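# Fold and geometry: a report
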Amino acid sequence: MTIFLFWKKYRIYLLPLFLFLLLSSCAGPKRAGYYKEGFTERGLASWYGEQFHGRKTANGEVYDMYKLTAAHKTLPLGVYARVTNLENGKEVKVKVNDRGPFIRGRFLDLSYGAAKELGMVEAGVGRVELEIIGNVPYQTAKGKASAGRVSSAGLFTIQVGAFVEKENAVRLKSLLENRYKDVHIVSYDTNIQKFYRVRVGAFESEKDALKVADELEAQNYTIFITVRD
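This is a predicted model, so every value here is computed, not measured.

All right, on to the overall build of the protein chain then. Summing up its helical and strand segments, the protein chain has 4 helices and 12 strands in all. Taken over 229 residues, the protein chain has a buried fraction of 40%. Of the contacts formed within the protein chain by residues at least 6 apart in sequence, a portion of 69% connects residues at least 24 apart. Here the protein chain displays about 13,200 Å² of accessible surface, and carbon together with sulfur accounts for 53% of that area.

So this is what it looks like as structure tokens:
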């Protein structure tokens, strides 16, 4: 039987399968293992500088505002990316070594040095495109990374608050536990000060996390979605 005759005879069965495979291959909500070389993302970026200079970043490095680094909510720590200012065409290569920004609507926080290269220090906020370049680090359960593999360990979580006083974090945790599962506290030491971050859940996809995030934001919590490193 020729391919044409086979298709003609069984097209009523094959067409739905073909459409399903086509749609399932389209871009959807980000999941663990989603990121790979060539991944691009567009949106608003800001920058952070002197206030955080000398403090620890999320991957344990010391933040140097003059180096070319960036903070992202979900990208594997240690990945390198090309960032382009869509308003003037300037580009810079950065290393993602921190988590943030903490403001919903922005997807990237650049170091002062990177923002200066892009010509967006004075504006403070600008529309940019990010593209992953090189190998994507594989993030293990203990946060260690090795080059050449796509991250598969990260689950999404929602940060609801960050406190200097542990008692305040415990109080918020107790309040949230009345309604949500897997409420936990993650400590973060900047070398200057220790923070206690209250987070909710471990979600397989960003879309799942957004549903709960919208609920929390409706209750006037300032939240953001990040990877559970």
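Past the structure itself, the notes keep going.
This paragraph deals with the sheet that holds strand 9 (residues 156–163). Spatially, 4 strands are ordered 10-11-9-12 in an open sheet, and the strand pairing comes out antiparallel. The open sheet has two free edges, formed respectively by strand 10 (183–189) and strand 12 (224–227), since each of these has just one partner strand. Taking each pair of neighbouring strands and ignoring which way they run, the sheet shows an average axis angle of 40 degrees. Where strand 9 meets strand 12, 4 bridges bridge the pair, whose relative direction is antiparallel. If you follow T157 over to strand 12, its bridge partner there is T226. Here helix 4 (residues 206–218) sits on the sheet in contact with strand 9, strand 11 (194–203) and strand 12, set at roughly 35 degrees to strand 9.

Turning our eyes to something else, we now look at the sheet that holds strand 1 (residues 40–48). Adjacent strands of a sheet pair through backbone hydrogen bonds, lying either parallel or antiparallel. Spatially, 6 strands are ordered 1-5-2-4-3-6 in a closed barrel, and the strand pairing comes out mixed. Across the sheet, the axes of successive neighbouring strands diverge by a mean angle of 45 degrees, strand direction being ignored. Of the pairings in the sheet, the one linking strand 2 (residues 69–72) to strand 4 (residues 91–98) comprises 3 bridges and is parallel in character. Counted as the bridge partner of A70 is V96 from strand 4.

Before going further, it helps to spend a moment on helix 4. The first and last C-alpha atoms of helix 4 sit 18 Å apart over 13 residues, in line with the 18 Å expected at 1.5 Å per residue. For helix 4, every residue scored as buried is listed here: E206, A209, V212, A213 and L216. Those residues of helix 4 that are buried are in contact with strand 9, helix 3 (166–176), strand 11 and strand 12. Positive backbone phi, at 75 degrees, marks N220, one or two positions downstream of helix 4.

Criteria and cut-off values
- Chains are numbered independently. Their residues run from 1 in the order of the written sequence.
- Since the coordinates come from a predicted model, pLDDT governs what is reported: local features require at least 70, and pairs of side-chain atoms require 80 or more to be given and counted, while whole-chain, interface and lining totals use all residues.
- Side-chain measures here rest on the full set of heavy atoms in the structure, leaving out hydrogens and waters.
- Helix numbers and strand numbers start at the N terminus; a helix is a DSSP run of H or I with at least 4 residues, a strand a run of E with at least 2.
- The rule is simple: take the accessible area with a 1.4 Å probe, protein chains only, and divide by the maximum for that residue type; under 20% is buried, over 50% is exposed, in between is partly exposed.
- Two residues form a contact once any of their heavy atoms are found within 4.5 Å.
- Note on areas: Shrake-Rupley, 1.4 Å probe, and residue coverage restricted to the protein chains presented here.
- Strand pairing is assigned whenever DSSP identifies at least 2 bridges connecting the two strands.
- The convention used is that axes are lines fitted to C-alpha atoms, helices contributing only their stretch in contact, and that angles between N-to-C directions extend from 0 to 180 degrees.
- Expected helix span is given by 1.5 Å per residue-to-residue step, counting one fewer step than there are residues.

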